[in-house]
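Residue-level structural notes
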Amino acid sequence: MTASTRSHTHPFLPYSPERLDQAEAIRRGAQFQEHLHARRSVRFFSPDPVPAEMIELAVAAANTAPSGAHQQPWKFVAVGDPALRHQIREAAEQEERINYEGGRLPEAWREALGPLETDSDKSYLDIVPWIVVAFAEKSTPMPDGRLRKNYYVNESVGIACGLFIAALHTMGLATLTHTPNPMAFLTEILHRPSTERPYILFPVGYPAEDCEVPDLARKPLASALEFFGG
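The following paragraphs examine the structure supplied in this document.

What counts, and at which threshold
- Residues numbered from 1 in each chain as written.
- Predicted model: local features only at pLDDT ≥ 70, side-chain atom pairs only at ≥ 80, totals over all residues.
- Heavy atoms only, no water.
- Helix = DSSP H or I, 4+ residues; strand = E, 2+ residues; numbered from the N terminus.
- Buried < 20%, exposed > 50% of the residue type's maximum accessible area, 1.4 Å probe, protein only.
- Contact = heavy atoms within 4.5 Å.
- Areas by Shrake-Rupley, 256 points an atom, 1.4 Å probe, with all protein chains shown as cover.
- Lys, Arg positive; Asp, Glu negative; His and termini not counted.
- Charge placed at Lys NZ, Arg CZ, Asp CG, Glu CD.
- Axes fitted to C-alpha atoms, helices over the stretch in contact; angles between N-to-C directions.
- Parallel < 35°, antiparallel > 145°, perpendicular 65-115°, else oblique.
- Left-handed = near helix turned anticlockwise from the far one by under 90°.
- Nonpolar A, V, L, I, M, F, W, Y, C, P; charged D, E, K, R; others polar.
- Expected span 1.5 Å × (residues − 1).
- Polar contact = N/O pair within 3.5 Å; in protein donor to acceptor, adjacent residues only side chain to side chain.
- Pairing = 2+ DSSP bridges.
- Phe/Tyr/Trp six-rings, centres within 6.5 Å; stacked < 30°, edge-to-face > 60°.
- Lys NZ or Arg CZ within 6 Å of the ring centre and 35° of its normal.

1. Considering the overall build of the chain
What the chain contains, in helices and strands, is eight helices and six strands. Reading the chain from its N end, one meets helices and strands in the order α-α-β-α-α-α-β-β-β-α-β-α-β-α. On the principal axes, the C-alpha backbone points of the chain span a range of 65 × 50 × 40 Å. Per-residue burial over the chain gives 35% buried out of 230 residues. Residue pairs in contact within the chain that sit at least 24 positions apart in sequence constitute 81% of those at least 6 positions apart. Counting only carbon and sulfur atoms, one obtains 56% of the accessible surface of the chain, whose full area is about 14,900 Å². Side-chain charges of the chain comprise 22 positive and 29 negative groups, with the mean position of each set lying 9 Å from the other.

2. Focus on unusual backbone geometry
In the segment running from Asn-181 into Pro-182, the intervening peptide bond is cis, with an omega of 5 degrees. Locating Pro-182 in the fold gives a position in the loop between strand E5 (174–175) and helix H7 (184–189). Within the chain, Ala-69 stands out as a residue other than glycine whose phi angle is a positive 55 degrees. Here Ala-69 lies in the loop between helix H2 (52–62) and strand E1 (74–79). When its relative accessible area of 70% is taken as the criterion, Ala-69 is described as exposed. The phi torsion at His-191 lies on the positive side, around 55 degrees, for a residue other than glycine.

3. Concerning the environment of Lys-138
Within the fold, Lys-138 resides in the loop between strand E2 (130–137) and strand E3 (139–141). Considered as a pair, Lys-138 and Arg-197 are 59 residues apart in the sequence and their alpha carbons are 7.4 Å apart. Setting aside its immediate chain neighbours within four residues, Lys-138 contacts Lys-149, Asn-150, Ser-194, Thr-195, Glu-196 and Arg-197.

4. Digging into the packing of H2 against helix H6 (residues 153–170)
Relative to each other, H2 and H6 sit at 140 degrees, their axes nearing to 7 Å. As far as their axial angle goes, H6 and H2 are oblique. In the packing of H2 onto H6, the handedness of the crossing is right-handed. Residue-level inspection shows Ala-58, Val-59, Ala-61 and Ala-62 of H2 in contact with H6, the latter providing Ala-160, Leu-163, Phe-164, Ala-167 and Leu-168. Residues of the contact of H2 with H6, tallied by class, amount to nine nonpolar, no polar and no charged.

5. Brief notes about helix H1 (residues 22–37)
Taking 1.5 Å of rise per residue, the 16 residues of H1 would be expected to cover 22 Å, and the 22 Å separating its terminal C-alpha atoms lies within 8% of that figure. The N-cap residue of H1 is Asp-21: its side-chain oxygen and the backbone nitrogen of Ala-23 are 3.0 Å apart.

6. So, the pairing of E2
Summarising burial for E2: eight of the eight residues are buried, a large majority. Burial along E2 is two-sided: Trp-130, Val-132, Ala-134 and Ala-136 and Ile-131, Val-133, Phe-135 and Glu-137, pointing in opposite directions, are all buried. One ladder, built from six bridges, connects E1 with E2; its direction is antiparallel. For Lys-75, the partnering residue across the bridge sits in E2 and is Phe-135. One ladder, built from eight bridges, connects E2 with strand E6 (residues 196–205); its direction is antiparallel. Residue pairing for E6: Val-133 is matched across the bridge by Leu-201.

7. Thoughts on the packing of aromatic side chains
One pass over the structure, following the stated rule, counts three aromatic pairs. A ring pair is formed by Phe-76 and Phe-164, whose centres lie 5.3 Å apart and whose planes are at 35 degrees; its orientation type is tilted. Separated by 88 residues along the polypeptide, Phe-76 in strand E1 and Phe-164 in helix H6 bring together distant segments of the chain. Here Phe-76 matches Phe-164 in class, with each residue buried. Taken together, the ring pairs connect Phe-76, Phe-164 and Phe-202 into an aromatic cluster. A cation over a ring is seen here: Arg-192 above Phe-135, with NZ or CZ 5.7 Å from the ring centre.

So this is what it looks like as structure tokens:
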């Protein structure tokens, strides 16, 4: 059966993206990989303002992500209000102090974090112009009042967050995937419904002029990819 002979119960549209010359395709792929290779997670931010339009563009890029049954089970909440950002910082640090100083983090995880020199200080949450929190929608309220169960939520939201990060980097912005555990305080502070759960907290801004990042090497391609045939 071909696409033209299938019987559709929902509207379908033709899809015929440009097929690039392979040399050009490889050039573009290498350029994109090099662009993303320069991306780093940042913990030292500038207070310089970031237009809301840049946040909108990054979320619009995230919104192109594939998702299970096209349910798009994500919500991005952008916080620019300084008082609210400080409230988020205080709550995040409270949980992180329990993790780092209170012994909630397993020793193996503490050792893994050692080279990054992370601790419970999240002062950058007061400095960045934006905090963007990605929420995963376990279910979605429908116009008729029922709740639609969403499928492949973690996978779908994870892909959307990856595109969000790539879009920020493309615009010269930096971020960090901050996941204080537990994150229920974000649901309370941001007045989110019980159908959502916090997924990742993204501080978003420009890197500070004296920003430093750990000297890390990424996994070599030979360790990340295995071919069978081809």
